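Okay, here's what each chain looks like letter by letter:
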Amino acid sequence: MGICTGDEYLNRLRDGREVWLGGERVDDVTSHPSLKRGAGSMAQLLDRQHEETLSTRLTYSEPCSAERFAMSFLPPASVDDVVRRGAAFYDWAKWSNGMMGRTPDYLNCSFTAFANAAEYFAECRPQFAENVRNYYAQIRAKDLVLTHTLVNPQVNRHLTSQGLASPEVALRVVQETGEGLIVTGARLLATLGPLSDEIAVFPSTVLKADPEMKPYALAFALPNATPGMKYICRDSYDSGKSLFDAPLSGRFEEMDCIVVFDNVLVPWDRVFLYDRPELCNRAYAETNAVVHMMHQVVCKNLAKAEFIVGLLCAMTRASERDKDIAVQGQIAEAMWIAESMRAFLYSAEHQAEQDKWGLYVPLRCPLDTARNLFPKMYPRLIELVQLLGSSSLMATPCESDLTNALRPDVEQYLQLAHLNSRDRVALFRLAQDVAVSGFGGRQTLYERFFFGPPSVMTASYFKLYDSTEYVERVEELLEPTA
Ligand SMILES: Cc1cc2nc3c(=O)[nH]c(=O)nc-3n(C[C@H](O)[C@H](O)[C@H](O)COP(=O)(O)OP(=O)(O)OC[C@H]3O[C@@H](n4cnc5c(N)ncnc54)[C@H](O)[C@@H]3O)c2cc1C
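Residues numbered from 1 in each chain as written. Predicted model: local features only at pLDDT ≥ 70, side-chain atom pairs only at ≥ 80, totals over all residues. Heavy atoms only, no water.

Caption draft 1: Highlighting the sheet that holds strand S10 (residues 229-233). The 6 strands are arranged S2-S1-S10-S11-S7-S6 in an open sheet whose pairing can be described as mixed. Because the sheet does not close on itself, it has two edges, and the strands there are strand S2 (24-25) and strand S6 (172-176). Inspection of the sheet shows S6 paired to strand S7 (residues 180-191) by 4 bridges, in the antiparallel sense. Within S7, the residue paired with Gln 175 across the bridge is Ile 182. (Pairing = 2+ DSSP bridges. Helix = DSSP H or I, 4+ residues; strand = E, 2+ residues; numbered from the N terminus.)

This is the structure in structure tokens:
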């Protein structure tokens, strides 16, 4: 037990789960043409934990035990632990250049925080504290891969803005039995759904603290093959092209899904919160799970921004455009974004403090600043790729054109000052996969929204920010002086 291998993970996915894609039910997600390479990439990621040179960076063990666990399950007991865990988050993010946002560390660290703050769940019902501790122990021991879903589909935005849910669609408890809760309804959006072992369902943070909202106030986790549960996938961005032609979409299709629950039984030992909207609303903030998740996210942001800097430099160096002072200025902007992420990360990690639950937590403010800025910064990074790539992003013959009858034309007309035609096509196909393809468009949408509605994140930042001293400084100048 402890860290799993890629093969063990792939075998677990062959469990009869109900997944729908492109109008058909998927028989086996590990062999389906649109999903198998994403699954294979996740398997490779898990295998890296077993590599001798990486094992100490990506995993940890407890004193007097040889069993190793993913570093994202480490409950940080010092600033050093926070830094150590950040290094593992960053390593995983760098492996996909941030293009697989939903690696398992994102949710592993949230359950580490929940288990450590189990007494919070006990406020709801004493049994829930034990449930959350047991669940953390299980996912850590088996190295399970989780997806999660927080948001109900919106029928009426006015209702949602008042913290109410639509009874026709929102996930809700329809019956309590001796065995558990029966739930029905839909949730958005489960990234990695078909490629995960289990789903964690938590409430979005704005339920009205009102008795009528009790059926919607719930948090639980279930295996994906639970009867009555189904995933409805969006179109896949992996169309089976070669990795030369589709260097990112051919590797990192993590898939997003609607998840439907049709009278699904959630056993009592899998329930973490129920019928207390006010406890649901505060769960992420009170346990600091949200801060641990931000830590993983900012490590991903750094790896992703660095990659775009590398891409812009490679694109412009190839044609000597990098000698142009205006182009240098544009790329410098991308460099500032990467360096801002690095600085936020350093500041948060090195000012980590112990919270009331005993865990060391990175300082929230720098991470929260980063998570509010990146949804604006990433679209700008992509805009820079488009501005500096322009028509070269479309002058992209495919791999076969390098060997078929077009070869002489491609060799002749696609050369660049510092790149032969093959390498130019490869580079600009990569750039178009980042900035123009469906995969690239989804990456931008992901960065804008995956952590929640930007307006809501900004409002919560505003409320938490302590500006008292700054206002006092202003007020001092308003007082009459002697
Ligand atoms: C690629 C992708 C992957 C995702 N993966 C997951 C996942 O794995 N798990 C999960 O739970 N969720 C996931 N999400 C969903 C994400 O949590 C939601 O997109 C996000 O919370 C916004 O909700 P919404 O899409 O319903 O947009 P809405 O809430 O409808 O927001 C739309 C716009 O309205 C603005 N808005 C919202 N409320 C207000 C307000 N009160 N005042 C003013 N403006 C407002 C928002 O800022 C936004 O610009 C994912 C989203 C994307 C795009």
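From this point, things continue past the structure.
Caption draft 2: Quick peek at a negative patch on the surface. Side chains of Asp 7, Glu 8, Asp 47 and Glu 51 sit close together on the surface and give a patch of like negative charge. Along the chain, Asp 7 turns up in helix H1 (residues 6-13). The exposure class of Asp 7 is exposed, given its relative accessible area of 56%. (Patch = residues over 30% accessible without salt bridge, like charges linked within 9 Å, V, L, I, M, F, W, Y side chains within 5 Å. Areas by Shrake-Rupley, 256 points an atom, 1.4 Å probe, with all protein chains shown as cover. Salt bridge = Lys/Arg side-chain N within 4 Å of Asp/Glu carboxyl O. Lys, Arg positive; Asp, Glu negative; His and termini not counted. Charge placed at Lys NZ, Arg CZ, Asp CG, Glu CD. Buried < 20%, exposed > 50% of the residue type's maximum accessible area, 1.4 Å probe, protein only.)

Caption draft 3: Inspection of the packing of helix H10 (residues 289-319) against helix H12 (residues 364-389) at higher detail. Two elements in contact, H10 and H12, have axes separated by 9 Å at closest approach and are oriented at 25°. When the axis of H10 is compared with that of H12, the two are roughly parallel. You can see that H10 and H12 cross each other, and the crossing is left-handed. Residue classes in the contact of H10 with H12 are distributed as 18 nonpolar, 4 polar and 4 charged. (Axes fitted to C-alpha atoms, helices over the stretch in contact; angles between N-to-C directions. Parallel < 35°, antiparallel > 145°, perpendicular 65-115°, else oblique. Left-handed = near helix turned anticlockwise from the far one by under 90°. Nonpolar A, V, L, I, M, F, W, Y, C, P; charged D, E, K, R; others polar.)

Caption draft 4: Region of interest: the site of the ligand. Taken together, the neighbourhood of the ligand is formed by 21 residues, with Arg 102, Leu 150, Arg 157, Leu 189 and Thr 191 sitting nearest. One of the backbone nitrogen or oxygen atoms of His 148 is found 3.0 Å away from a nitrogen atom of the ligand. Gln 154 places a polar side-chain atom, nitrogen or oxygen, 3.1 Å from an oxygen atom of the ligand. Its residues placed into classes, the shell around the ligand shows 11 nonpolar, 6 polar and 4 charged. (Near = heavy atom within 4 Å. Polar contact = N/O pair within 3.5 Å; in protein donor to acceptor, adjacent residues only side chain to side chain.)

Caption draft 5: Fine view of the packing of H12 against helix H14 (residues 421-435). Following both chains from N to C, one finds H12 and H14 inclined at 140°, their axes separated by 10 Å at the closest point. Like other packed secondary-structure pairs, H12 and H14 cross with a definite hand, here left-handed. Contacts from Tyr 378, Ile 382, Val 385, Gln 386 and Gly 389 in H12 reach Phe 428, Ala 431, Val 434 and Ala 435 in H14. Counted by class, the contact of H12 with H14 contains 7 nonpolar, 2 polar and no charged residues. (Contact = heavy atoms within 4.5 Å.)

Caption draft 6: Spatial organisation of the pattern of salt bridges. Scanning the entire structure with this criterion turns up 29 salt bridges. The shortest N-O distance in the salt bridge between Asp 91 and Arg 57 comes to 2.5 Å. Of this pair, Asp 91 sits in helix H4 (residues 79-95) while Arg 57 sits in helix H3 (residues 52-58), and the two are 34 residues apart along the sequence. Assessed through its relative accessible area of 5%, Asp 91 is described here as buried. The class of Arg 57 is partly exposed, set by a relative accessible area of 38%. Where salt bridges share partners, they join Arg 234, Glu 253, Glu 254, Asp 256 and Arg 442 into one cluster.

Caption draft 7: Broad picture of the nonpolar core. Counting residues in each nonpolar core, the largest one holds 141 residues, and the members touching the most others are Tyr 9, Val 183 and Phe 261. Among the elements that make up this core, the one with the highest residue count is H10 (17 residues). With residues near it in sequence (within four places) discarded, Phe 261 still touches Leu 171, Val 183, Thr 184, Gly 185, Arg 187, Ile 199, Val 201, Phe 220, Leu 222, Gly 228 and Met 229. Within the second largest apolar cluster, 5 residues are counted, among which are Phe 244, Leu 402, Val 410 and Val 425. (Core = buried A, V, L, I, M, F, W, Y, C linked by side-chain atoms within 4.5 Å.)

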